[in-house]
Amino acid sequence: MLRHIRQLISACIAALTVSMLMSGCAWLPQTCLPPSHTMVSAEMIFGRNVGDRPGVSESAFTNFVAREITPRFPDGLTVIDGDGQWRDGARNVDVRERAKVVLITFVDDAQKRAGLVAIAESYKQQFSQQSVLTKVGNVCASF
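Criteria and thresholds
- Residue positions are given per chain, counted from 1 along the sequence in the order it is written.
- Reporting of local features is limited, given that this is a predicted model, to residues whose pLDDT is at least 70; pairs of side-chain atoms are given and counted only at 80 or more, and all residues count toward the totals for whole chains, interfaces and linings.
- The basis for every side-chain value is the complete set of heavy atoms in the structure, and neither hydrogens nor water enter the calculation.
- Note that a disulfide, as used here, is simply two cysteine sulfur atoms within 2.5 Å.
- By the criteria applied, helices consist of DSSP H or I runs no shorter than four residues and strands consist of E runs no shorter than two, each listed in order from the N terminus.
- We call a residue buried when its accessible area falls under 20% of the maximum for its residue type, exposed when it is over 50%, and partly exposed in between, using a 1.4 Å probe and counting protein chains only.
- Two strands make a pair as long as DSSP finds a minimum of two bridges between them.
- Convention adopted: a line fitted to C-alpha atoms gives each axis, helices being fitted over their contacting stretch, and angles between N-to-C directions are expressed from 0 to 180 degrees.
- Contacts were defined at the residue level, with two residues in contact if any of their heavy atoms lie within 4.5 Å.
- Cavity and pocket criteria rest on a 1 Å grid covering protein atoms alone: a 1.4 Å probe that fits but cannot get out defines a cavity, protein on both sides within 12 Å along at least 5 of 7 lines defines an open pocket, and an atom within 4 Å of a point defines a lining residue.
- Grid points are joined across faces, edges and corners, and a volume is the space filled by probe spheres set on the points.
- Salt bridges are identified by distance alone: a Lys or Arg side-chain nitrogen within 4 Å of an Asp or Glu carboxyl oxygen.

Moving on to the state of the cysteines. Following the criterion strictly, the structure yields one disulfide and no others. Between the sulfur atoms of Cys32 and its disulfide partner Cys140 the distance amounts to 2.2 Å. Note on the Cys32 and Cys140 pair: the S-S dihedral is about -85°, so by sign convention the disulfide is left-handed. With Cys32 in the loop between α1 (2–25) and β1 (37–47) and Cys140 in strand β6 (residues 133–141), this residue pair connects regions lying 108 residues apart in the sequence. Taking the relative accessible area as the measure of exposure, Cys32 reaches 16% and is therefore buried. With a relative accessible area of 32%, Cys140 lands in the partly exposed category.

Take the pairing of β1 next. Two strands pair when backbone bridges link them, and β1 and β6 are joined in this way by nine bridges, in the antiparallel orientation. Opposite Glu43, over in β6, you have Lys135 as the bridge partner. Bridge count between β1 and strand β5 (residues 93–106): eight bridges; the pairing is antiparallel. From the neighbouring strand, Ala42 faces β5, where its bridge partner is Ile104.

Turning our attention to the sheet that holds β5. Taken in spatial order, the four strands of this open sheet run β4-β5-β1-β6, and their pairing is antiparallel. Here the strands that pair on one side only, and so sit at the sheet edges, are β4 (78–88) and β6. Recorded for the sheet is a direction-independent mean angle of 30° between the axes of neighbouring strands. Strands β1, β4 and β5 of the sheet are contacted by helix α2 (residues 58–69), whose axis makes an angle of about 35° with β5.

Okay, the pairing of β4 next. With eleven bridges joining them, β4 and β5 adopt antiparallel strand pairing. In the sheet register, Asp83 faces β5, and the bridge partner there is Arg98. From the end of β4 to the start of β5, which pair antiparallel, there are four residues, and Asn92 there has a positive phi angle of about 60°.

The volume enclosed by the largest pocket comes to roughly 440 Å³. Going through the elements one at a time, β1, β4 and β5 are the ones with two or more residues in the lining of the largest pocket. Top element by residues in the lining of the largest pocket is β4. It accounts for six residues.

Bringing the pattern of salt bridges into the picture now. Two side chains carrying opposite charge are able to pair once their charged atoms lie near each other. Applying the stated criterion across every chain yields a total of ten salt bridges. We note a salt bridge from Lys100 to Glu58, for which the minimum N-O separation is 2.9 Å. Of this pair, Lys100 sits in strand β5 while Glu58 sits in helix α2, placing them 42 residues apart in sequence. Residue Lys100 is classed as buried on the basis of its relative accessible area, which comes to 6%. Between Glu68 and Arg72 there is a salt bridge, with the nearest N and O atoms lying 2.9 Å from each other. Here Glu68 falls in the buried class, since its relative accessible area comes to 15%.

So, in structure tokens, the structure goes:
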């Protein structure tokens, strides 16, 4: 019995050690090859339906970009057309809609990160949206 307990403890320690070492990989600093350097990459996905109907026109989105996104990220961005799908849990239905994907890469800065939040909140308020998907991560980039 004691032997089985020791084996179990040894197995747990080994699993814990491997787990700690593997999770440590995520904390290693990213090394970029010149001329690239570490920057922040943000991807924002804006649904264009209002309720169950298309509601955010091309011109309305273009105006939104000009008023809300460009002033916060004047160095540049990319807008891509997309088709999205998400699950409306309240109604238990899949919702499909046109979307706009905005890609922004910038030198890390607290004000710029706050700008992403402000953009999403403004879009939700102006166009009656439940959410704006925002993904942020570090990348190696050069211009």
